[in-house]
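Residue-level structural notes
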Amino acid sequence: MRVVTTLEGALLVPPRYDAAFPLRVGRASPPQNGGVAVRLGEQWQAAAAAEHQRAGASATQPIEEWPMPSSAPSRLRGLREAVYLGVAVDQFGHFLAESIHRAWALRDPRIADRVPGVMLVPHGAAQPRGYQRDALELLGVRPDRVRWARRPTPVARLHVPALAAQFGEPADPAYLDERRAVALAALGSIPDAGTVYLHKPLRHSRSVTAGAGWLAAQLAEHGVRTVVPEAMPLREQVRVMAGARHVLADQGSPLRVLELLGRTDASVTVLARAGWLDRFAAFLSPRSPDAVLAECVHALPAPPAVTASTWRFAALCRFDPDALEAAVGDRLGIALHLDRRALRAAELRDIAQWMRVGPSLYVAEEEIRAGLDGWWTAISSSAPGGRGSAAP
């Protein structure tokens with residue numbers, strides 16, 4: 001049975017940093033400066049049971065650096081009893097990966113149905129968002145049972161459930177089975193979705209593959225349905241994953257709906273990038289009986305002013321067409337014959353688009369933009385059929 005720790009006289013403190021996740025890359029993830037605090041004599045201390053949402057997270061900052069309330073907790077509006085659900089990360093993939101795995105306690109018979117769950121909203125985050133409410137409903141949690149705390153909140157009796165899964169770690173199969181049963185009950189009928197390509201559009205800017213939109217058009221000629229998860233309601237995303245027989249997917253957030261479905265009966269093939277295989281293997285292996293990471297994507301050279309560590313996390317990539325054809329043929333039984341020149345032309349169009357929107361993701365935006373002309377010349381000249389044309 002999963003552990004629930006009960007604390008008397010706790011204080012919930014929303015973290016200071018924006019959204020609990022550095023969406024602009026190139027800086028270190030800040031240590032957590034919020035969560036659950038309890039009194040030890042005259043001093044407050046962080047409650048160890050509630051420090052981290054992910055395995056290997058940065059150490060929690062000293063309590064003196066938390067955004068503690070200026071008023072005494074006795075003067076704040078609080079709750080008599082609640083369940084701590086964690087920090088509501090304000091980013092789709094990371095919310096599903098990190099913010100939902102304490103919600104199981106709201107269905108646990110040890111917790112009375114009248115007891116609310118509390119999500120901490122980081123300072124500056126616009127929440128709750130629609131997908132966050134939908135995700136909790138698919139976990140079997142009624143919307144009226146969740147409180148979204150934007151300011152320090154004292155709780156006389158706080159239940160802190162153990163994380164049932166952690167970002168970057170293999171999940172317990174029993175927990176995944178439980179997730180699947182709850183999600184399927186919430187979804188109702190599941191139509192056959194056949195073979196689908198889960199596509200991450202270029203406008204995401206981070207860890208995307210140039211030419212993927214063109215690839216979607218080639219796959220459509222072979223009866224593969226392209227699904228852009230961000231363009232459909234969360235419930236429909238989960239329904240497609242539940243009904244698919246074969247899934248081809250861009251690496252990253254398109255597959256995070258498996259956090260809600262628990263596991264799928266479909267074969268899953270990820271168009272994966274070298275250097276990230278181990279991390280995705282840990283995520284996928286318990287969630288699909290037939291999952292393969294096809295190493296057919298490679299990062300482009302980093303633009304000037306982008307460090308190797310930053311680019312590893314948020315690179316713009318391109319396909320290896322030979323490896324891509326082999327993976328699609330082996331996994332989907334499709335004889336895909338890609339026109340190399342057309343693929344490279346599509347890549348260059350996407351790279352040109354990325355040059356307009358991509359650098360805004362990075363902390364050193366102006367420095368990156370200043371070096372893009374030379375970078376573009378090198379990239380376009382290296383592509384088959386490239387002529388080193390002027391930067392867009």
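Heads up: these notes are all about the structure in this document. Since the model is a prediction, treat every value here as computed from it, not as a measurement.

**A closer look at the pattern of salt bridges**
- Taken as a whole, this structure holds 23 salt bridges when the rule is applied.
- Taking the shortest distance from any N to any O, the salt bridge between R180 and D265 comes out at 3.1 Å. Taken as a pair, R180 in helix α3 (residues 173-187) and D265 in the loop between α6 (258-261) and β12 (267-273) lie far apart in primary sequence, 85 residues in all.
- With a relative accessible area of 11%, R180 lands in the buried category.
- Judged by its relative accessible area of 55%, D265 is exposed.

**Points about α3**
- Taking 1.5 Å as the rise per residue, α3 with 15 residues should run 21 Å; its terminal C-alpha atoms sit 21 Å apart, in good agreement.
- For α3, every residue scored as buried is listed here: Y175, L176, R179, R180, V182, A183 and L187.
- As for α3, its buried residues are in contact with α2 (130-138), α5 (234-243) and α6.

**Brief notes about the packing of aromatic side chains**
- Counted under the stated rule, the structure contains five aromatic pairs.
- Between the aromatic rings of W354 and W375, the centroid separation amounts to 5.6 Å while the plane-to-plane angle is 45°, which identifies the pairing as tilted. Of this pair, W354 sits in helix α10 (residues 340-357) while W375 sits in helix α12 (residues 372-382), and the two are 21 residues apart along the sequence.
- Each residue in the set W311, W354, Y362 and W375 is aromatic and connected to the rest through ring pairs, giving one cluster.
- The ring of W104 has R2 lying over it, and the distance from NZ or CZ to the ring centre is 5.2 Å.
- Directly above the ring of F283 sits R256, whose terminal nitrogen or CZ lies 4.4 Å from the centroid.

**Topic: the sheet that holds strand β11 (residues 244-250)**
- The seven strands are arranged β9-β14-β13-β12-β11-β8-β10 in an open sheet whose pairing can be described as mixed. Each end of this open sheet is capped by a strand with a single partner; those strands are β9 (208-210) and β10 (225-227). Sheet twist, expressed as the average angle between the axes of neighbouring strands with direction ignored, equals 35°.
- Where β9 lies against strand β14 (residues 316-319), three bridges are found, and the strand directions are parallel. Looking at the pairing, T209 lines up with C317 of β14.
- Across the sheet, helix α9 (residues 321-332) is in contact with β8 (194-198), β11, β12, β13 (290-299) and β14; its angle to β13 comes to roughly 165°.
- Helix-sheet contacts for α10 involve β9 and β14, and the interaxial angle to β14 is about 175°.

**Let's talk about the packing of α10 against α12**
- As a packed pair, α10 and α12 sit with axes 11 Å apart at the nearest point and diverge in direction by 170°. The pairing of α10 with α12 is recorded here as roughly antiparallel in orientation. In this structure, α10 contributes L348, I351, A352, W354 and M355 to the contact, and α12 contributes L372, W375, W376, I379 and S380.
- Classifying every residue of the contact of α10 with α12 gives nine nonpolar, one polar and no charged.

**Here's the deal with unusual backbone geometry**
- With a phi angle near 75°, A305 is a residue other than glycine that sits in the positive phi range.
- Residue A305 is classed as partly exposed on the basis of its relative accessible area, which comes to 47%.

**Comments concerning the sheet that holds strand β6 (residues 146-149)**
- Read across the open sheet, the seven strands follow the order β3-β2-β1-β7-β4-β5-β6; overall the sheet is mixed. Because the sheet does not close on itself, it has two edges, and the strands there are β3 (43-46) and β6. The average undirected angle you get between the axes of adjacent strands in this sheet is 50°.

Definitions and cut-offs
Residues numbered from 1 in each chain as written. Predicted model: local features only at pLDDT ≥ 70, side-chain atom pairs only at ≥ 80, totals over all residues. Heavy atoms only, no water. Salt bridge = Lys/Arg side-chain N within 4 Å of Asp/Glu carboxyl O. Helix = DSSP H or I, 4+ residues; strand = E, 2+ residues; numbered from the N terminus. Buried < 20%, exposed > 50% of the residue type's maximum accessible area, 1.4 Å probe, protein only. Expected span 1.5 Å × (residues − 1). Contact = heavy atoms within 4.5 Å. Phe/Tyr/Trp six-rings, centres within 6.5 Å; stacked < 30°, edge-to-face > 60°. Lys NZ or Arg CZ within 6 Å of the ring centre and 35° of its normal. Pairing = 2+ DSSP bridges. Axes fitted to C-alpha atoms, helices over the stretch in contact; angles between N-to-C directions. Parallel < 35°, antiparallel > 145°, perpendicular 65-115°, else oblique. Nonpolar A, V, L, I, M, F, W, Y, C, P; charged D, E, K, R; others polar.

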